[in-house]
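Structure assessment
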Amino acid sequence: MTGLWSGPVQYTSSMKRVIAVANQKGGVGKTTTAVNLAASLSATRRRVLLMDLDPQGNATMGSGIDKQQLQRSTCEVLLGECDLEAALVPVNPGGFSLLPANQDLTAAEVRLLSMLTGREIKLRNALAPLRESFDVILIDCPPALNMLTVNSLVAADSVLIPMQCEYYALEGLSALLGTIEQIRDAANPTLQLEGILRTMFDPRNNLSTEVSAQLIMHFGEKVFRTIIPRNVRLAEAPSFGKPVLFHDKESRGALAYLALAGEMIRREEEEAHAAATAGTSGADAVAAAPATGGTDGANGVGAEGEQTSAAADEPTEPAVDAANRDAEPVELNTTDPASGYDPSP
Ligand code: ADP
Ligand code: MG
């Protein structure tokens, strides 16, 4: 464990985590988060795999891969018709590997449902041989609590929940947390909550700041400090088939997702450090890790409420500034994402 920690400004943790990006609500920013977090973590030279588990294939298209032209996809992998490795495609620009998906995945889900045993562990089994070949594996879940989402949660180490801070958001959250609890009981006892990510945040909207404060009250440091603002560059990047980092790397959207990557890496390093100094197991350290600033996050949101124009790409936006500080320890390689990157796992 000690070897993991060698100071705050170096690449000290490889994460080694499978993270399901899930929320049964559609349009909350799951795919945007999955694609842009994949690119941002790749930019820190981590080996990243993004798995598209949504028949809409938005993560596939957003990564610049034509979903109508797939030789192999998540469908074949789930049905055991091909190995995961054989279905992966390199994403450039982006620097990560992708398991692509399209509408065939709907048929795969129907086939899974008709299976009497083992239908929940198909993805986990398919992933097993490659789990150690990547530093981070992200799963873009569909907008439903269906068998595809169940497969994702059974395969995952943790769940990242993107949320729009609006009235019905919290209502859906309890259903999702209930599902996570069921998955823990039934199949994946160590499944953790990676964090709750506030997306498409509009500080002009009072409800956003209220819901945001409630989230922090309930979930404390599990709410990421990084806030993803509403940003037009994030919305338009998929139409170019690129992560926002390669569409407009100065945009608030790109900076926010880099900051999220930085925050996740920093958390990981703090946990590794806590484990090393306490001489405890990683699991204990998670509980003991220093807070990454849940309360600061709340203050940040309050301060943001002062802001008048959320739509403008305003570089002095406090949440992004705070987030940028989180991103500082990350060694980036955004100018030449392909350098040193080998898409084969
Ligand atoms: P989901 O995968 O949860 O259904 P998406 O990531 O596809 O959600 O986002 C829904 C829509 O909102 C998409 O058109 C996307 O481009 C847009 N979008 C997502 N996040 C942002 C953001 N932070 N700012 C502006 N538009 C966004
Ligand atoms: Mg989606």
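Residues numbered from 1 in each chain as written. Chains lettered and ligands numbered in written order. Predicted model: local features only at pLDDT ≥ 70, side-chain atom pairs only at ≥ 80, totals over all residues. Heavy atoms only, no water.

**Description of helix 1 (residues 30-42)**
In plain terms, the rule: Only DSSP runs of H or I reaching four residues or more are called helices, and only runs of E reaching two or more are called strands; each is numbered from the N terminus. Expected helix span is computed as 1.5 Å times (number of residues minus one). Summary of the burial criterion: residues with accessible area below 20% of their type's maximum are buried, those above 50% are exposed, and those between are partly exposed, where the area comes from a 1.4 Å probe applied to protein chains only.
Between its first and last C-alpha atoms helix 1 spans 18 Å; for 13 residues at 1.5 Å apiece the expected length is 18 Å, and the two agree. For helix 1, a buried count of 12 out of 13 residues is recorded, marking the element as mostly surrounded by other parts of the structure. When helix 1 is considered as a whole, its buried residues turn out to be Lys-30, Thr-31, Thr-33, Ala-34, Val-35, Asn-36, Leu-37, Ala-38, Ala-39, Ser-40, Leu-41 and Ser-42.

**Some remarks on the pairing of strand 5 (residues 136-140)**
Counted only if it meets this: DSSP calls a pair of strands paired once it identifies at least 2 bridges connecting them.
Of all 5 residues in strand 5, 5 are buried; the element is thus mostly enclosed. Strand direction decides the pairing type here: strand 2 (residues 48-52) and strand 5, joined by 5 bridges, are parallel. Note that in strand 5 the partner of Leu-49 across the bridge is Ile-137.

**A look at the site of ligand 1**
Formally: For this purpose, a residue is taken to be near a molecule or strand whenever a single non-hydrogen atom of the residue falls within 4 Å of it. Contacts described as polar in this section are N or O atom pairs within 3.5 Å, which, within protein, must combine one atom able to donate a hydrogen with one able to accept it, while residues neighboring in sequence count only if both atoms come from side chains. Nonpolar residues are Ala, Val, Leu, Ile, Met, Phe, Trp, Tyr, Cys and Pro. Charged residues are Asp, Glu, Lys and Arg, and all others, Gly as well, are polar.
In the region of ligand 1, 14 residues are neighbours, and Gly-27, Lys-30, Thr-31, Thr-32 and Asn-231 sit closest. Within the side chain of Thr-31, a nitrogen or oxygen atom sits 2.8 Å from an oxygen atom of ligand 1. Elements that contribute at least two residues to the shell around ligand 1 include exactly helix 1, strand 8 (223-229) and helix 10 (232-236). Top contributing element to the shell around ligand 1 by residue count: helix 1, with 3 residues. Split by residue class, the shell around ligand 1 holds 6 nonpolar, 6 polar and 2 charged.

**So, the sheet that holds strand 4 (residues 96-99)**
Where we set the bar: Axes, fitted as lines to C-alpha atoms, cover a helix only where it is in contact. Angles between the N-to-C directions of the axes lie from 0 to 180 degrees. By definition in these notes, contact holds between two residues if any of their heavy atoms fall within 4.5 Å.
Read from one edge of the open sheet, 8 strands run 3-4-2-5-1-6-7-8, paired in mixed fashion. On the outer flanks of this sheet lie strand 3 (89-91) and strand 8, each paired with one strand and no other. Geometrically, the sheet is characterised by an average inter-axis angle of 25 degrees between neighbouring strands, direction not taken into account. Along the sheet, helix 7 (residues 147-155) contacts strand 1 (17-21), strand 5 and strand 6 (158-164); its crossing angle with strand 1, the most-contacted strand, is approximately 155 degrees. Each of strand 1, strand 6, strand 7 (192-201) and strand 8 touches helix 11 (residues 252-278); the most contacted strand, strand 8, lies at about 170 degrees to it.

**Thoughts on the pairing of strand 4**
Across the two faces of strand 4 the burial is the same, with Phe-96 and Leu-98 and Ser-97 and Leu-99 all buried. For strand 2 and strand 4, the ladder comprises 3 bridges, and the chain directions are parallel. In the sheet register, Leu-50 faces strand 4, and the bridge partner there is Leu-98. Where strand 3 lies against strand 4, 3 bridges are found, and the strand directions are antiparallel. Of the residues in strand 4, the one forming a bridge with Val-89 is Leu-98. Once strand 3 ends, the chain turns through 4 residues before running back antiparallel as strand 4, passing Gly-94 with a positive phi of about 155 degrees.

Purely geometric stuff here, so don't read any function into it on its own.
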